[in-house]
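Reading the structure
One letter stands for each residue in the lines below.
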2 protein chains.
Amino acid sequence: MISTKLTELLGIDHPVVSAPMGSVSGGGLAAAVTQAGGLGLVGVSYGDAAFIDEHVGYAAERGGVWGVGCVMFTFDERPGLWDKVLGYAPPVIALSFGDASQVRRYVESAVHSGAQVVVQVHDTEQAAVAARAGASVLVAQGAEAGGHHKTQSTLPLIPAVLDVTQGAVPLVAAGGFADGRGLAAALALGADGVMMGTRFAATEESLATAGFKATLVSAATTDTVNTRSFDVVRGIPWDTAYTARSVGNSFTRTWSGRDAELAAARAEVEPEWVAAVARDDTSQRAMFAGEVLDLVHDIRSAADVVRSTVTEAETALARLGPLLHTS
Amino acid sequence: MISTKLTELLGIDHPVVSAPMGSVSGGGLAAAVTQAGGLGLVGVSYGDAAFIDEHVGYAAERGGVWGVGCVMFTFDERPGLWDKVLGYAPPVIALSFGDASQVRRYVESAVHSGAQVVVQVHDTEQAAVAARAGASVLVAQGAEAGGHHKTQSTLPLIPAVLDVTQGAVPLVAAGGFADGRGLAAALALGADGVMMGTRFAATEESLATAGFKATLVSAATTDTVNTRSFDVVRGIPWDTAYTARSVGNSFTRTWSGRDAELAAARAEVEPEWVAAVARDDTSQRAMFAGEVLDLVHDIRSAADVVRSTVTEAETALARLGPLLHTS
């Protein structure tokens with residue numbers, strides 16, 4: 001067992017959080033992580049009302065310390081979905097990708113619902129905003145992450161954020177973590193836990209398609225690229241400060257760096273792309289994955305991922321003590 | 001005291017290495033780090049025979065476990081300098097930025113000289129090449145680093161490299177480290193020490209100019225950019241797989257991303273640029289610095305940096321034990 005400010009605040013057994021990945025982190029994955037003693041988050045962004053009822057509903061029914069992850073700007077665009085989420089009374093609400101006014105508004109609303117509120121940040125300025133807004137927990141996510149991220153890397157970002165918050169808010173490190181060595185390193189840096197995405201996408205319970213899962217197992221870190229193409233083809237108005245790390249394929253090779261052209265060609269390209277995604281065409285679909293691909297070699301159960309991460313971290317921590325010698 | 005495979009192999013007190021930064025890591029800095037119990041490296045690349053005599057000569061005279069850092073491809077271009085370096089019998093030779101044939105050739109020559117040979121790598125493929133070539137120590141450097149680097153980040157790179165080497169070769173983590181929290185994290189990941197650049201550039205002993213040092217103290221991580229402009233204006237034939245992280249200034253804003261234009265305009269631009277550098281014009285000069293800038297707030301003695309890094313790491317490691325509870 002590894003106890004931190006995060007496990008104490010949330011009442012969970014292990015300082016391991018599954019990222020709320022859109023189209024990947026459904027109720028089954030979240031519930032399995034929660035059941036295993038971590039914090040499982042349902043990714044409800046890009047989800048519609050039916051997705052929420054199915055997946056948030058499932059996690060709520062299974063109970064325990066579970067939560068939802070909401071991309072703030074996409075909720076602003078979908079009136080009613082936020083209240084629908086709150087209706088399931090998630091014990092934890094994770095918020096990401098909003099400007100300062102959105103952060104304040106959603107944090108207040110989430111706190112008012114009685115949830116513990118987790119806010120994801122990507123630099124020290126965002127960390128200060130989130131802490132002032134009343135976040136219960138911060139997630140500092142580095143550019144190693146799969147999917148959307150900013151430019152700073154996790155390793156130097158974590159201590160920089162801690163210097164800003166002075167440890168007043170539990171901090172979860174995200175981006176670059178896939179095993180217990182990473183968890184041990186996060187704790188050494190002063191963080192209180194890790195959030196893992198790619199590692200949990202490659203589990204039996206994730207909603208990732210068969211083609212995506214096979215790619216997660218076979219692809220290497222050097223196969224990933226940062227792109228806006230999948231945002232542009234879907235017409236999702238992401239702030240250009242964020243790019244998304246994905247396994248590169250024909251679609252990214254064709255369109256990366258040609259955002260304006262792709263936007264102009266959307267009427268033609270999008271239907272073909274949507275059809276390709278529907279048939280799980282890995283040469284076309286988005287396959288968000290982080291720099292940890294070199295560390296992911298199999299599809300396992302989510303419970304096994306939680307357990308092995310904690311066990312490896314315990315081993316790593318136990319190995320560190322003997323390095324210290326009284327001088 | 002923190003003992004690792006690195007400290008044992010090299011016979012040093014602390015697993016802290018100062019990066020061999022060109023034009024920054026002179027004999028004074030290297031000797032101070034060595035004197036403080038770390039491994040001090042003189043950066044002799046871009047150096048001429050006079051630089052080697054002055055700075056390598058100084059470090060050699062002071063003695064202890066010191067070393068030199070050589071950018072392999074630049075030595076290939078400067079016949080005679082390699083033998084001049086070997087003439088000072090450095091106990092440690094650190095090699096970086098060479099293709100597979102250069103790695104094999106320089107490692108063999110360095111081993112033959114009796115030195116411990118450190119090879120810097122940036123991905124798992126380079127790690128396998130360096131280990132096969134007979135490196136005594138690997139440095140895995142991530143994209144957080146100041147100066148030249150590839151694209152993968154340190155945090156996921158370290159465990160990926162360890163999976164390749166199976167721990168058979170001591171591993172130093174580089175890129176993103178500036179204090180003892182970072183050293184503790186590197187050890188938790190399974191590395192045997194850290195190499196720090198930016199933190200040692202911001203020391204009393206470094207050869208960084210007054211303007212550069214003031215910038216290191218005042219600039220933030222978000223002020224850094226990855227650029228090839230300084231390579232192009234100097235006409236140094238860097239492999240385009242590598243960019244250099246520098247504090248952004250007028251020069252990078254003018255020329256970044258316009259490599260071909262800058263190369264074409266070199267005859268005109270270079271003399272002006274060289275003159276600006278000579279008067280320490282921070283709007284023009286290269287100021288290589290890593291993503292750790294948010295963690296660097298002062299100019300200190302190199303010995304103080306070594307001491308505080310080790311002390312902070314000891315504190316971080318001692319704090320980790322109590323997190324473990326028997327379940």
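So, a few notes on the structure that sits alongside this text. These figures come from a predicted structure and were not determined experimentally.

**Notes on the relation of the copies chain A and chain B**
Here chain A sits on chain B after a turn of 180° about the axis and a move of 0.0 Å along it, with an RMSD of 0.0 Å. Accordingly, the operation relating the two chain copies is best matched by a two-fold axis. Ranked by how close their C-alpha atoms come to the rotation axis, the residues of chain A are headed by Ala 185 of chain A, at 2.1 Å. A share of 100% of the interface residues of chain A reappears at the interface of chain B, consistent with the copies meeting face to face through the same patch.

**Concerning the interface of chain A and chain B**
How large an interface is tends to be reported as the accessible area lost when its parts come together. Chain A puts 42 residues into the contact, and the matching count from chain B is 42 residues. Both sides together, the interface formed by chain A and chain B hides about 3500 Å², and carbon and sulfur atoms give 63% of it. It is Leu 155, Arg 181 and Leu 324 of chain A that lose the most area in chain A upon contact with chain B, and together they represent 17% of the buried surface on that side. On the surface where chain A and chain B come into contact, there are 8 residue pairs in polar contact (both at pLDDT 80 or more). Where the side of chain A that touches chain B is concerned, the elements lending two or more residues are α8 (154–165), α9 (180–189) and α16 (302–320) of chain A. Classifying every residue of the side of chain A that touches chain B by side-chain character gives 21 nonpolar, 14 polar and 7 charged.

**Side note on the nonpolar core**
With 200 residues, the main nonpolar core has Leu 95, Val 119 and Phe 200 of chain A together with Leu 95, Val 119 and Phe 200 of chain B as its most contacted residues. Setting aside residues up to four positions removed in sequence, Val 119 of chain B forms contacts with Leu 95, Val 103, Val 107, Ala 130, Ala 135, Val 137, Leu 138 and Val 139 of chain B. The next biggest cluster of nonpolar side chains, apart from the first, holds 10 residues, and it includes Val 233, Trp 255, Ala 265 and Trp 273 of chain A.

**Side note on helix α11 (residues 210–218) of chain A**
Within α11 of chain A the residues assigned to the buried category are Gly 211, Phe 212, Lys 213, Thr 215 and Leu 216 of chain A. Looking at the packing, one finds that the buried side of α11 of chain A touches α10 (198–201) and β11 (243–247) of chain A.

**Regarding unusual backbone geometry**
Residues and elements named next belong to chain A. Although it is not a glycine, Gln 166 adopts a positive phi angle of roughly 55°. Summarising the element assignment, Gln 166 is placed in the loop between α8 and β8 (171–174). A positive phi angle, close to 55°, is found at Asp 280, a residue other than glycine. Considering the arrangement of structural elements, one finds Asp 280 in the loop between α15 (266–278) and α16. Overall, Asp 280 belongs to the partly exposed group, its relative accessible area being 22%.

**A few points about the pattern of salt bridges**
Summed over the entire model, instances satisfying the criterion amount to 32 salt bridges over all chains. Between Asp 231 of chain A and Arg 234 of chain A there is a salt bridge whose closest N-O contact spans 3.5 Å. Linking Asp 231 of chain A with Arg 234 of chain A, this pair stays in helix α12 (residues 229–234), spanning 3 residues, or about one helical turn. Owing to a relative accessible area of 24%, Arg 234 of chain A belongs among the partly exposed residues under this scheme. Salt-bridge contacts for Glu 108 of chain B lead to Arg 104 of chain B; the nearest nitrogen and oxygen are separated by 3.9 Å. Taken together, the positions of Glu 108 of chain B and Arg 104 of chain B, both in helix α6 (residues 100–112) and 4 residues apart, correspond to about one turn of that helix. Take Glu 108 of chain B: its relative accessible area is 47%, and that puts it in the partly exposed class. The partly exposed category is assigned to Arg 104 of chain B, whose relative accessible area is 38%.

**With respect to the sheet that holds strand β10 (residues 224–227) of chain B**
All names here are of chain B. One open sheet holds the 3 strands; their spatial order is β7-β11-β10, and the pairing between them is antiparallel. Only two strands of the sheet have a single neighbouring strand rather than two, namely β7 (147–149) and β10. In this sheet, neighbouring strand axes are inclined to one another by 30° on average, regardless of whether the strands run parallel or antiparallel. In terms of strand pairing, β10 meets strand β11 (residues 243–247) through 4 bridges, oriented antiparallel. Pairing of Thr 224 across the sheet is with Val 247, part of β11.

**Side note on the sheet that holds strand β3 (residues 66–71) of chain B**
Residues and elements named next belong to chain B. Pairing is parallel around the closed barrel formed by 8 strands, whose spatial order is β1-β2-β3-β4-β5-β6-β8-β9. Across the sheet, the mean angle separating the axes of adjacent strands is 25° when strand polarity is ignored. Note that strand β5 (residues 116–121) and strand β6 (residues 137–141) share 4 bridges and pair parallel. When the sheet's bridge partners are listed, Val 119 is paired in β6 with Leu 138. Against the sheet, helix α2 (residues 27–35) contacts β1 (16–18), β2 (39–43) and β3, and its axis sits at roughly 170° relative to β2.

**Here's the deal with the pairing of strand β9 (residues 193–196) of chain A**
Residues and elements named next belong to chain A. Side chains of β9 alternate between two faces, with Gly 193 and Met 195 and Val 194 and Met 196 buried alike. Strand direction decides the pairing type here: strand β1 (residues 16–18) and β9, joined by 3 bridges, are parallel. Within β9, the residue paired with Val 17 across the bridge is Met 195. Of the strand pairs in this sheet, β8 and β9 are connected by 3 bridges, and their pairing is parallel. Within β9, the position partnered with Val 172 by the bridge is Gly 193. What joins β8 to β9 is α9, and the crossover it makes is right-handed.

**Topic: the side chain of Gln 152 of chain A**
Here Gln 152 of chain A lies in the loop between β7 (147–149) and α8. When neighbours within four sequence positions are excluded, Gln 152 of chain A is seen to be in contact with His 122, Asp 123, Gln 141, Gly 142, Ala 143 and Leu 157 of chain A together with Thr 221, Thr 222, Glu 291 and Asp 294 of chain B.

**Points about the environment of Trp 82 of chain A**
Residue and element names in this part refer to chain A. Take Trp 82: it is sitting in helix α5 (residues 81–87). Residues Trp 82 and Ser 25, spaced 57 residues apart in sequence, show a C-alpha to C-alpha distance of 18 Å. In contact with Trp 82, other than residues within four places in its own chain, are Cys 70, Phe 75, Ile 93, Leu 95, Tyr 106, Ser 109 and Ala 110. Of note is the side chain of Trp 82, whose polar atom sits 2.7 Å from the side chain of Ser 109.

**Side note on the environment of Arg 132 of chain A**
Residue and element names in this part refer to chain A. If you trace the backbone, Arg 132 turns up in helix α7 (residues 124–133). The exposure class of Arg 132 is exposed, given its relative accessible area of 60%. With 55 residues separating them in the primary sequence, Arg 132 and Leu 187 have C-alpha atoms 24 Å apart.

Conventions and cut-offs
Residues numbered from 1 in each chain as written. Chains lettered and ligands numbered in written order. Predicted model: local features only at pLDDT ≥ 70, side-chain atom pairs only at ≥ 80, totals over all residues. Heavy atoms only, no water. Least-squares fit on C-alpha atoms with pLDDT ≥ 70 in both. Contact = heavy atoms within 4.5 Å. Buried area = accessible area lost by both parts, 1.4 Å probe. Polar contact = N/O pair within 3.5 Å; in protein donor to acceptor, adjacent residues only side chain to side chain. Helix = DSSP H or I, 4+ residues; strand = E, 2+ residues; numbered from the N terminus. Nonpolar A, V, L, I, M, F, W, Y, C, P; charged D, E, K, R; others polar. Core = buried A, V, L, I, M, F, W, Y, C linked by side-chain atoms within 4.5 Å. Buried < 20%, exposed > 50% of the residue type's maximum accessible area, 1.4 Å probe, protein only. Salt bridge = Lys/Arg side-chain N within 4 Å of Asp/Glu carboxyl O. Pairing = 2+ DSSP bridges. Axes fitted to C-alpha atoms, helices over the stretch in contact; angles between N-to-C directions. Right-handed = clockwise from strand over helix to strand, strands pointing away.

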